[in-house]
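What follows is the residue order along each chain.
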Amino acid sequence: MVGPRFGPTTGTQFNDNPDRPIMLHLKSKLLALAAALLCAGTAFAQDSGPLIDILVRKGLITDQEGEDLRSELTKDFAANSAAGKLNLGSHLTEFKLGGDVRLRHQVETQAPQNGTVSNERTRERFRFRFNGDALMQKGWGAGFALETASAADSGNQTLENGNNDYNLYLARAYVSWRPNLNWMFAGGKQKNPFYTTDMVWDSDINPQGVTEIHTRFIGAKDTLEFRAGQLLMDDNNETGIGRAGRDAWLFAQQAVYTHWFGKDAIGNVVNSLVIAPGFMLYNDSTLSGLDNETPFNGTTDGLAVFTMPGEVNWMNVAGAGTSVKLYWDFAYNLEAERRVRKVYGLANQPKDAAAWLVGVGYGSGTGKVQGDYSVKLDYRSLGTGSLDVNLSDSDWAFGRVNQEGFKLAAAYNLTDFASFNATYFHTTDKRETQTSAVSNLDHSQILQLDLVVKF
Amino acid sequence: MKKTILLLAALGAVTAATAQKLVIKGSDTLGAKLVPMLAEDYKARHAGVTFEIAAEGSTTGISAIIDGTAQIGMSSRRAKPTEVSAATAKGVSMKPIIVAFDGIGVIVNQGNPLAALTRRQVEQIFAGDITDWSQVGGTPGKISIYTRNTSSGTYADFKELAMKKRDYASSSQKMAGNEQIAAEVAKNPNGIGYVGLAYLHDPGIKTVAIDGALPSEESVIAKKYPYARPTFYYTNGEPTGEAAKFVEFTLSDEGQKVVRKVGFVPVRVLN
């Protein structure tokens, strides 16, 4: 037999009319695809528009048939997917929702100077955070964060009061505008935009006010950023007299220089050096209503703090993905004498204007993948007049100054989204016989065991 | 006498009972001219049918079908998934029926030597990325952009069809209607704007081909011209009764000639 005229339909080579089978083949493919779309409905409904357009354009289905097909897919999508019930503005380019839950077992010792007791306790705590961040056209952004606990320096809620329910608080609400790669502006209660260690700035504290960042790219390996913030620390009634009649402001400015160096096996520049000198200046005003771990509800007088944090990262030191980090911070309060003697009332004490931190870390992976781990150890010393106790880490020495000691932290990723963390703090006093609540701690220890699950 | 009055009253009651009222709500694009003209023609053929037409935007037309307050909803856009979801929750099945195509032509001043643009260039011009005619091969001169005002459905449609939903350039000037855009572009040698197909032959302007296609009935129906969109009637399931008859009339040759007459593109090539 010679090739059959109405032979196999799986190939076109047997047909004597080469055009028709190709068209039939294409038609059958497209129609099969359309049928598959109808069956697969939900998964492909939102992606099917271009395919339906092609079917209509090629005359395989009419406009009305295309519309009916589109309508059926939309109905299926709307009925069977959560996304089909969301109505987001077309000006949104990205809307990210996420958060985490942290379960914590905490053991702590807090011994006051000249005290006869050593306050020891165990707490079972949790932290819930829920964030929404929207990116919009023309560089605009906006977002929010909800979290447990009202204290600025902690989102922890201790389990207590016989199964009572707990409050949620607004931890962030901000608007941002990034007109180009070089400028970024933000206003409202926002993430800390400054490069800091937790010696100077507790990572839980979200500042409020306006911030500006200007970025300069210097070749391929260097970046210089200028960051500034005009941050409101407290709102006072202007009818008050003197400092009580002024709002409390923190004016912070910083230059952040990043240099990339070295190359990995495939030629990427992976090591980095960061140096970030800055200056934090407060106006002279009163503070009240703070509920930090160790709040100082007094004044912002006597705080003009020079800071110099930084770090060096070396990648792939012990195999691909491993890294070693050396990090540090230094703070010096130019008005420490005034802060110690007049504000804290420690008339005969030295000003202790400096604080410093040196740490080293080792990690494997980015901390986002199952099996990643990291270990960090730092030693720090905080002079009584060195920095603002309302901003420094609330866990290290319970947020107090006149302390020195270390922090040891380890983290292990159980999955890509869950990690186990263990952190231990141990501090002792630098000078004895201090009478201010911010500096009269004899020694402290905290052990925190955390399970963190991100969603 | 009493008998006569009673008879007249009975006749009146019968007439009222047989009179059909068709409630149509929705898109001002369709409801401004097209549907009222179709309704007039339909009434001329079907005595006793009355219409209540409210043209307050496509959203109101789709809502009216969901709420059951109209038999036909006019819309110049497709129902959103959230609207379909709301309809399904109320037991309403949104049925779209394409009744016409609406084409948007890009126009420049008659004296502008430019004859064609790509879709990418149109997007860049209206978004403000391209600000001078020399950047698209024209005679140097700062481009003046004319758009409809923000309340117009065409303002949003053009953004979707031609600009990937980007915002218009901040320098663009907002005009009240097609006539105003055509008039301004006719006066301004550096002007560019967009108008409905019915306005492409206004004096002083010329139409620019987009990706090689000029807007026309043929190019829209053949899907060769990119800036065209279907317009819809929405009903709850397959239309029935008087609504079905009116839909049928709209799609008939007579109805589609009305579509052409008011500047829309018929859903098929007419004899």
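Residues numbered from 1 in each chain as written. Chains lettered and ligands numbered in written order. Predicted model: local features only at pLDDT ≥ 70, side-chain atom pairs only at ≥ 80, totals over all residues.

**Student:** Describe the overall build of chain B, naming the residues involved and giving the relevant values.
**Tutor:** Along the backbone of chain B there are 11 helices and 11 strands. Considering chain B as a whole, with its 271 residues, one finds that 42% of them fall into the buried category. A fraction of 71% describes how many contacts in chain B between residues 6 or more apart in sequence connect residues 24 or more apart. (Helix = DSSP H or I, 4+ residues; strand = E, 2+ residues; numbered from the N terminus. Buried ≥ 20, exposed ≤ 12 C-beta atoms within 10 Å, placed from the backbone. Contact = placed C-beta atoms within 7 Å.)

**Student:** Outline the overall build of chain A, supporting the account with residue identities and numerical values.
**Tutor:** A tally of regular secondary structure across chain A gives four helices and 19 strands. Taking all 455 residues of chain A together, the buried fraction comes to 30%. Relative to all contacts within chain A whose residues are 6 or more apart in sequence, the contacts with residues 24 or more apart total 58%.

**Student:** Could you give me a rundown of unusual backbone geometry, with the residues and numbers involved?
**Tutor:** Of note in the backbone geometry, N161 of chain A takes a positive phi value of approximately 60 degrees without being a glycine. The class of N161 of chain A is exposed, set by 8 C-beta atoms lying within 10 Å. Although it is not a glycine, K165 of chain B sits at a positive phi angle of roughly 65 degrees. With respect to the helices and strands, the residue K165 of chain B is situated in the loop between α7 (153-162) and β7 (173-175).

**Student:** Account for the pairing of strand β14 (residues 322-333) of chain A, naming residues and giving values.
**Tutor:** Residue and element names in this part refer to chain A. Here three bridges tie strand β12 (residues 304-307) to β14, and the two strands are oriented antiparallel to one another. Each bridged residue has a counterpart across the sheet, and for T307 the counterpart in β14 is A331. Relative to β14, strand β13 (residues 310-315) runs antiparallel, the two being bridged by six bridges. Looking at β14, one finds that M315 is bridged to S323. Between β13 and β14, which pair antiparallel in sequence order, lie six residues; one of them, N316, sits at a positive phi of approximately 60 degrees. Of the pairings in the sheet, the one linking β14 to strand β15 (residues 354-364) comprises 11 bridges and is antiparallel in character. Each residue of the ladder has a partner; that of V324, found in β15, is Y362. (Pairing = 2+ DSSP bridges.)

**Student:** Describe the interface of chain B and chain A, listing the residues and the values that go with them.
**Tutor:** Between chain B and chain A, the residue contacts involve 15 residues of the former and 17 residues of the latter. Listed by contribution, the elements that provide at least two residues to the side of chain B that touches chain A are α5 (81-89) and β4 (94-109) of chain B. Ranked by residues supplied to the side of chain B that touches chain A, first place goes to α5 of chain B with five residues. Taken together, the residues of the side of chain B that touches chain A break down into seven nonpolar, three polar and five charged. (Nonpolar A, V, L, I, M, F, W, Y, C, P; charged D, E, K, R; others polar.)

**Student:** Explain the nonpolar core to me, and be specific about the residues and the numbers.
**Tutor:** In terms of nonpolar packing, the biggest core is built from 77 residues, with L34, A100, V106, I107, A182, V185 and Y233 of chain B touching the most fellow members. With nine residues, the single largest contributor to this core is β4 of chain B. If sequence neighbours within four positions are ignored, I107 of chain B has contacts with A182, V185, G193, Y194, V195, L200, I205, K206, T207 and V208 of chain B. One finds V200, A248, F296 and V305 of chain A within the second-largest nonpolar core, a separate group that totals 35 residues. (Core = buried A, V, L, I, M, F, W, Y, C linked by C-beta atoms within 7 Å.)

**Student:** So what's going on with the confidence of the model for chain A? Residues and values would help.
**Tutor:** Confidence in the prediction for chain A averages 88 pLDDT; 89% of positions are at 70 or higher. Low pLDDT (under 50) marks residues 1-24 of chain A, which in the prediction has 10 contacts with non-local residues, meaning those over four places away or in another chain. (pLDDT = per-residue confidence, 0-100.)

**Student:** I'd like a rundown of the environment of A228 of chain A, residues and numbers included.
**Tutor:** All names here are of chain A. Tracing the sequence through the fold places A228 in strand β8 (residues 222-234). Here the alpha-carbon distance between A228 and M280, two residues 52 residues apart in the chain, equals 9.7 Å. If we ignore the near neighbours within four places in the chain, the residues touching A228 are T211, E212, A252 and Q253.

**Student:** Help me get a handle on the environment of Y225 of chain B, residues and values and all.
**Tutor:** All names here are of chain B. By secondary structure assignment, the location of Y225 is in the loop between α9 (217-221) and β11 (228-236). Remark: the alpha-carbon pair of Y225 and A213, spanning 12 residues in sequence, is separated by 5.5 Å. Not counting residues up to four positions away in its chain, the partners in contact with Y225 are G103, I210, A213, P215, S219 and V220.

**Student:** Tell me about helix α3 (residues 34-45) of chain B, residues and numbers included.
**Tutor:** Residues and elements named next belong to chain B. Along its 12 residues, α3 runs 17 Å from first to last C-alpha, staying within 8% of the 16 Å computed at 1.5 Å per residue. Every buried residue of α3 is listed here: L34, V35, L38, A39 and Y42. Summarising the axial view, the buried residues of α3 lie within an arc of 125 degrees, below the 170-degree limit, and thus occupy one face. Facing away from the buried surface of α3 by more than 90 degrees, the exposed residues are E40 and A44. (Expected span 1.5 Å × (residues − 1). Arc of directions from axis to C-beta.)

**Student:** Describe helix α2 (residues 49-57) of chain A, and please don't skip the residues or the numbers.
**Tutor:** All names here are of chain A. Every buried residue of α2 is listed here: I52, L55 and V56. Buried residues of α2 fall within an arc of 100 degrees about the axis and therefore sit on the same side. A positive phi of about 75 degrees marks G59, the residue just after α2.

**Student:** Tell me about the environment of L214 of chain B, and please be specific about residues and values.
**Tutor:** Along the chain, the position of L214 of chain B falls in the loop between β10 (209-210) and α9. If we ignore the near neighbours within four places in the chain, the residues touching L214 of chain B are T207, A209 and S219 of chain B.

**Student:** How would you explain the packing of α2 of chain A against helix α3 (residues 63-80) of chain A if you had to name every residue and give the values?
**Tutor:** All names here are of chain A. Relative to each other, α2 and α3 sit at 160 degrees, their axes nearing to 9 Å. Considered as vectors, α2 and α3 are oriented roughly antiparallel to each other. Judged by the sense of rotation from one axis to the other, the crossing of α2 with α3 is right-handed. Between α2 and α3, the residues in contact are G49, I52, L55 and V56 and D63, G66, L69 and R70, respectively. (Axes fitted to C-alpha atoms, helices over the stretch in contact; angles between N-to-C directions. Parallel < 35°, antiparallel > 145°, perpendicular 65-115°, else oblique. Left-handed = near helix turned anticlockwise from the far one by under 90°.)

**Student:** I'd like a rundown of the packing of α3 of chain B against helix α11 (residues 253-261) of chain B, residues and numbers included.
**Tutor:** Residue and element names in this part refer to chain B. α11 packs onto α3 with a crossing angle of 145 degrees between their chain directions and a minimal axis gap of 10 Å. Of the two elements, α3 crosses α11, and the hand of that crossing is right-handed. In contact with L34, M37, L38 and D41 of α3, α11 contributes E254, G255, V258 and V259. Looking at side-chain class alone, the contact of α3 with α11 contains five nonpolar, one polar and two charged residues.

**Student:** If you had to explain the pairing of strand β1 (residues 20-26) of chain B to someone new, which residues and values would you point to?
**Tutor:** All names here are of chain B. Two elements, β1 and strand β2 (residues 49-55), share seven bridges in a ladder whose sense is parallel. Bridged to I24 within β2 is I53. Strand direction decides the pairing type here: β1 and strand β3 (residues 72-75), joined by three bridges, are parallel. Paired with G26 across the two strands is M74, which belongs to β3.

**Student:** Describe the confidence of the model for chain B, with residues and values.
**Tutor:** Of the residues in chain B, 93% reach a pLDDT of 70 or more, and the chain-wide mean stands at 89. In the predicted assembly, ipTM is 0.72 and pTM is 0.68.

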